[in-house]
Amino acid sequence: MSGPVSGPRVVLVGAMGAGKTTVGRLVADALGVGFLDTDEVVERDAGRSVSEIFIDDGEEHFRDLERRAVAESLVHHDGVLALGGGAVLDVTTRELLDGHRVVFLRVGLSDAAKRVGLGVSRPLLLGNVRGRIKQLLDERTPIYEGVAQHAVDTDGLTAAEVAERVRAVVEDEHHG
Ligand code: S3P
């Protein structure tokens, strides 16, 4: 048997600009399941945007809310789940991911910078989008690789092309 018996069909991890949300929606449509993004769960529970939470209460508080949102979503969501780019920094979250089907959407600096644009809705990027993305990719790529069983390259590909590759990973394991 492969994959978890319950929980999301697939969990997407990767940096800001990897396309987790856009690709995740397409994969969910292709599989005929729901899509959930942990940033959305945090925003819904807090009644505020991620940026507002960072500004009002700081990153640490956001990470607490995010840890709870991930834990809850891993139990209650059975479709495609996208994690915020920094969620895997948390050791408890990494432990909870063990046993789930996790796919790392890999993106290089150039494509990530293009996709996030000015990064206005991403508080961690404010000031120097390219420099911050480079730093985050350097720090986090080994962590994404550590929690994922599969990596799917996204550079130079459309969201539909990436989604098709992710769907193939999920379906292969399902039938294999
Ligand atoms: C973050 C990524 C964001 C959001 C927050 C922090 C990060 O999610 O959770 O701004 O630390 O990489 P996306 O990866 O969905 O943009």
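Presented here is an overview of the structure given in this document.

1. Looking at the pairing of strand β1 (residues 10–13)
Part 1: Taking every second residue as pointing to the same face, both faces of β1 are buried, with Val10 and Leu12 on one and Val11 and Val13 on the other.
Part 2: Where β1 and strand β3 (residues 80–82) come together, three bridges link them in parallel fashion. Looking across to β3, one finds that Val10 is bridged to Val80.

2. Considerations on the site of the ligand
Part 1: Close contacts around the ligand come from 14 residues, with Lys20, Asp39, Arg63, Gly85 and Arg140 the closest.
Part 2: One of the side-chain N or O atoms of Asp39 is found 2.6 Å from an oxygen atom in the ligand.
Part 3: Here the ligand, which alone exposes 390 Å², has 96% of that area covered by the protein.
Part 4: Among the elements that take part in the shell around the ligand, helix α4 (residues 59–76) stands out by supplying three residues, more than any other.
Part 5: Split by residue class, the shell around the ligand holds five nonpolar, three polar and six charged.

3. Comments concerning the side chain of Asp111
Part 1: Inspection of the secondary structure assignment puts Asp111 in helix α6 (residues 109–116).
Part 2: Once you skip the residues sitting within four places of it in the chain, Asp111 turns out to touch Thr154, Asp155 and Gly156.

4. Here we look at the environment of Gly19
Part 1: By the element assignment, Gly19 lies in the loop between β1 and α1 (20–31).
Part 2: For the pair Gly19 and Asp78, spaced 59 residues apart in sequence, the C-alpha to C-alpha distance is 20 Å.
Part 3: The contacts of Gly19, once residues within four sequence positions are left out, are Gly24, Leu105 and Arg115.

5. Thoughts on the packing of helix α2 (residues 38–46) against α4
Part 1: For the pair α2 and α4, the least separation of the axes is 9 Å and the interaxial angle reads 110°. The angle between α2 and α4 falls in the class roughly perpendicular. The crossing of α2 and α4 is right-handed. Between α2, through Thr38, Asp39, Val41, Val42, Arg44, Asp45 and Ala46, and α4, the contact on the second element is made entirely by Phe62, Leu65, Glu66, Ala69, Val70, Glu72 and Ser73.

Rules used throughout
Residues numbered from 1 in each chain as written. Predicted model: local features only at pLDDT ≥ 70, side-chain atom pairs only at ≥ 80, totals over all residues. Heavy atoms only, no water. Buried < 20%, exposed > 50% of the residue type's maximum accessible area, 1.4 Å probe, protein only. Helix = DSSP H or I, 4+ residues; strand = E, 2+ residues; numbered from the N terminus. Pairing = 2+ DSSP bridges. Near = heavy atom within 4 Å. Polar contact = N/O pair within 3.5 Å; in protein donor to acceptor, adjacent residues only side chain to side chain. Areas by Shrake-Rupley, 256 points an atom, 1.4 Å probe, with all protein chains shown as cover. Nonpolar A, V, L, I, M, F, W, Y, C, P; charged D, E, K, R; others polar. Contact = heavy atoms within 4.5 Å. Axes fitted to C-alpha atoms, helices over the stretch in contact; angles between N-to-C directions. Parallel < 35°, antiparallel > 145°, perpendicular 65-115°, else oblique. Left-handed = near helix turned anticlockwise from the far one by under 90°.

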